[in-house]
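Breakdown of the fold
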Amino acid sequence: AAPTRVFAFRDARWAPDPVLEPSAAVRSPQPAPLVIDNGSFQTRAGWACPDPAVPAEPLLRFRSLAARSRGARGGAGAETQVGNDLGSPEPLRWLLRSPFDRNVPVQLELQELLFDHVFQRLGVSSQGCVDHPIVLTEAVCNPLYSRQMMSELLFECYQVPKVSYGVDSLYSFYHNRRQNWPCSGLVISSGYQCTHILPVLEGRLDAKNCKRINLGGCQAAVYLQRLLQLKYPGHFAAITLSRMEEILHEHSYVAQDYIEELQKWRCPEYYEDNVHKMQLPFSNKLLGSTVASEEKQEKRQQQLRRLQELNARRREEKLQLDQERLDRLLYVQELLEDGQMDQFHKALVELNMDSAEELQSYINKLSLSVEQTKQKILQSEVNIEVDVVDSKPETPDLDPLGSEQSLEDVESINEFEPLFAEEQPEVEKPVAAVQPVFNLAEYHQLFLGTERIRAPEIVFQPSLIGEDQAGIAETMQYVLERYSKEQQAILVQNVFLTGGNTMYPGLKARIQKELLEMRPFQSSFQVSLASSPVLDAWYGARDWAVEHMNREEGWISRKDYEEKGGEYLKEHCASNVYVPIRLPKQAPRAAEAPSRASGPGNPGEQA
């Protein structure tokens with residue numbers, strides 16, 4: 001028999017990031033650069049310092065999300081949480097905000113929250129500014145407006161001395177270089193929102209031939225969620241995006257041949273051997289389980305005690321309010337008896353009354369209500385014993401006041417019935433009559449069959465989710481065909497895979513198969529995967545920052561920002577290509593003036 005493949009969801013909660021104390025080497029002899037991999041899925045931050053006392057790894061890793069709670073009414077007590085401080089994203093899913101549109105930061109106020117979180121938790125202690133150079137990743141062919149707003153935020157808000165922008169996938173390529181730099185290659189970067197095909201020639205990005213596919217891990221998670229919610233409509237709420245991301249990270253793989261793999265899954269033996277069962281949380285308590293009669297009565301009695309205490313509290317509050325109103329009315333009546341007519345009429349107007357008779361009527365009603373409430377309180381203290389044999393208490397045959405008290409208890413029980421619906425007493429049944437006819441644990445399992453390969457396949461076949469785009473293989477072939485055969489041969493000798501969405505088992509073999517089909521007969525190619533597809537972008541940025549710490553190459557100073565604008569970019573081996581804004585020249589208006597003033601009666605001539 002095949003081994004049982006049942007996996008439980010971890011549903012791990014994020015631990016809040018501590019406030020770290022930076023090493024002294026970060027401050028002396030000069031402030032060390034701060035490297036921030038600003039990803040649309042996760043932000044990673046740490047120091048670029050050659051000193052061995054400073055860890056050569058990101059000290060902060062948190063989701064690029066922020067949530068602002070409403071707080072109390074009127075906006076008081078509103079709280080903003082960032083990254084790991086959220087704990088778990090699912091309870092706050094409708095409040096979550098990201099500064100990114102696809103992979104481009106556009107909400108700079110949210111980006112400022114992420115930067116504040118980074119600088120605070122890394123222990124940046126400079127007053128009024130951040131005096132460390134910043135190395136920041138940005139999207140491929142980042143729009144100038146986005147870079148302009150980011151530079152404005154860093155230079156104007158944080159007063160940083162200098163900043164350098166680079167592409168995350170090129171930093172990863174720089175970190176994993178296997179030969180003498182500069183080298184050429186074809187970088188395939190697949191992340192949370194987008195997939196890029198980036199040709200690199202002699203260590204520099206060929207931006208004109210870059211291509212982007214608007215698909216990544218986010219779309220795969222949404223597609224998998226939709227598949228499983230249609231398959232298991234009874235567990236609709238339990239199939240969350242966080243759990244879908246966990247399935248993608250740990251249980252999905254890329255088929256080398258998608259159609260052939262689907263044919264394999266049609267075989268019952270193959271299905272039984274390879275299906276993964278995801279166990280949803282459930283309760284062993286059955287609805288029809290029998291509980292001792294004494295236990296039911298005790299629970300019912302506890303419920304009734306709680307309701308009686310609630311009623312007693314309400315009566316006391318009502319008695320206090322009625323007594324205050326009665327005292328106020330009696331004070332106004334004393335004004336009438338003392339002959340102070342002006343003050344009496346003024347008080348009547350405040351009370352919205354017309355005459356002394358109406359005042360007396362209200363006094364009589366309030367006096368009766370106060371007396372009745374006092375007697376109810378006394379009666380409720382006497383009636384301690386409660387009959388809990390029946391599902392609903394009978395109205396005792398007492399005086400009218402006692403009857404009103406019991407009816408009020410019954411109404412309160414009906415009002416709070418939803419709070420105790422799960423503990424309602426059931427008619428006892430024999431044990432044999434409530435035995436389940438199915439395995440309750442198996443009912444709460446998600447069977448992952450072809451879903452394990454269907455979700456990752458969308459980057460190769462976007463038509464699976466209705467996207468009118470080309471997949472990785474077609475886009476890669478299109479990019480290669482824009483070069484000569486000699487350049488193609490150079491590029492395919494170093495096909496480099498990076499990004500969190502390239503960590504699926506079988507992805508490297510699938511790329512090799514696609515290249516084998518599109519390349520000429522007996523031609524060679526080589527595909528390599530980043531040593532750490534998720535973190536190599538940060539490691540590469542750190543390597544670059546350490547090597548260029550005391551150089552001017554690639555760094556944008558505050559003087560450059562003030563002279564050339566926020567969109568200015570100093571190029572380096574892992575950066576985008578800087579394309580300055582070229583405004584079209586407007587036609588001179590001086591040539592138009594004679595034609596406008598050609599008429600003899602034109603008032604412009606006289607002027």
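Summarised in this report is the structure supplied together with it. Treat the numbers as computed from the prediction; the structure is a model and nothing was measured.

Procedures and definitions
Residues numbered from 1 in each chain as written. Predicted model: local features only at pLDDT ≥ 70, side-chain atom pairs only at ≥ 80, totals over all residues. Heavy atoms only, no water. Helix = DSSP H or I, 4+ residues; strand = E, 2+ residues; numbered from the N terminus. Buried < 20%, exposed > 50% of the residue type's maximum accessible area, 1.4 Å probe, protein only. Pairing = 2+ DSSP bridges. Arc of directions from axis to C-beta. Contact = heavy atoms within 4.5 Å. Axes fitted to C-alpha atoms, helices over the stretch in contact; angles between N-to-C directions. Phe/Tyr/Trp six-rings, centres within 6.5 Å; stacked < 30°, edge-to-face > 60°. Lys NZ or Arg CZ within 6 Å of the ring centre and 35° of its normal.

Quick look at unusual backbone geometry
- Residue S28 is joined to P29 through a cis peptide bond whose omega torsion reads 5°.
- Considering the arrangement of structural elements, one finds P29 in the loop between β1 (6–8) and β2 (34–38).
- Here Q522, not a glycine, exhibits a phi torsion of approximately 65°, which is positive.
- Structurally, the position occupied by Q522 is in the loop between α16 (507–518) and β19 (527–529).

Things to note about the pairing of strand β17 (residues 445–448)
- Burial along β17 is two-sided: the face carrying Q445 and F447 and the face carrying L446 and L448 are both buried.
- With 4 bridges joining them, strand β16 (residues 276–279) and β17 adopt antiparallel strand pairing. The partner of K277 across the bridge, within β17, is F447.

A word on helix α9 (residues 341–350)
- All of the buried residues along α9 are F344, A347 and L348. Along the long axis of α9, the arc covered by the buried residues comes to 105°, so they all point the same way. Facing away from the buried side of α9 by more than 90 degrees, the exposed set consists of D342, K346, V349 and E350.
- Taken from the residues just after α9, N352 is the one with a positive phi, measuring 60°.

A look at the sheet that holds strand β11 (residues 162–167)
- Read from one edge to the other, the open sheet built from 6 strands follows the order β4-β3-β2-β10-β11-β20, with strand pairing classed as mixed. Lying at the two open borders of the sheet, with one neighbouring strand each, are β4 (60–63) and β20 (556–557).
- For strand β3 (residues 42–47) and β4, the ladder comprises 4 bridges, and the chain directions are antiparallel. Bridging across to β4, R44 finds its partner in R61.
- Strand contacts of helix α3 (residues 168–175): β2, β10 (134–138) and β11, with the helix running at about 85° to β11, the strand carrying the most contacts.

With respect to the side chain of R147
- Inspection of the secondary structure puts R147 in helix α2 (residues 144–157).
- R147 has contacts with E138, N142, Y165, G566, E567, Y568, L569, N576 and Y578, leaving out every residue within four places of it along the chain.

What to know about the packing of aromatic side chains
- For the structure on display, the rule yields 11 aromatic pairs.
- With 5.8 Å between their ring centres and 75° between their planes, W538 and Y539 make a pair best called edge-to-face. You'll find W538 and Y539 in the same group, each marked buried.
- A network of ring pairs unites the aromatic residues F115, F119 and Y158 as a single cluster.
- Between K162 and the ring centre of W555, over which it is positioned, the NZ or CZ distance is 4.7 Å.
- Across from the ring centre of F460, 4.2 Å away, lies the NZ or CZ of R510, which sits over that ring.

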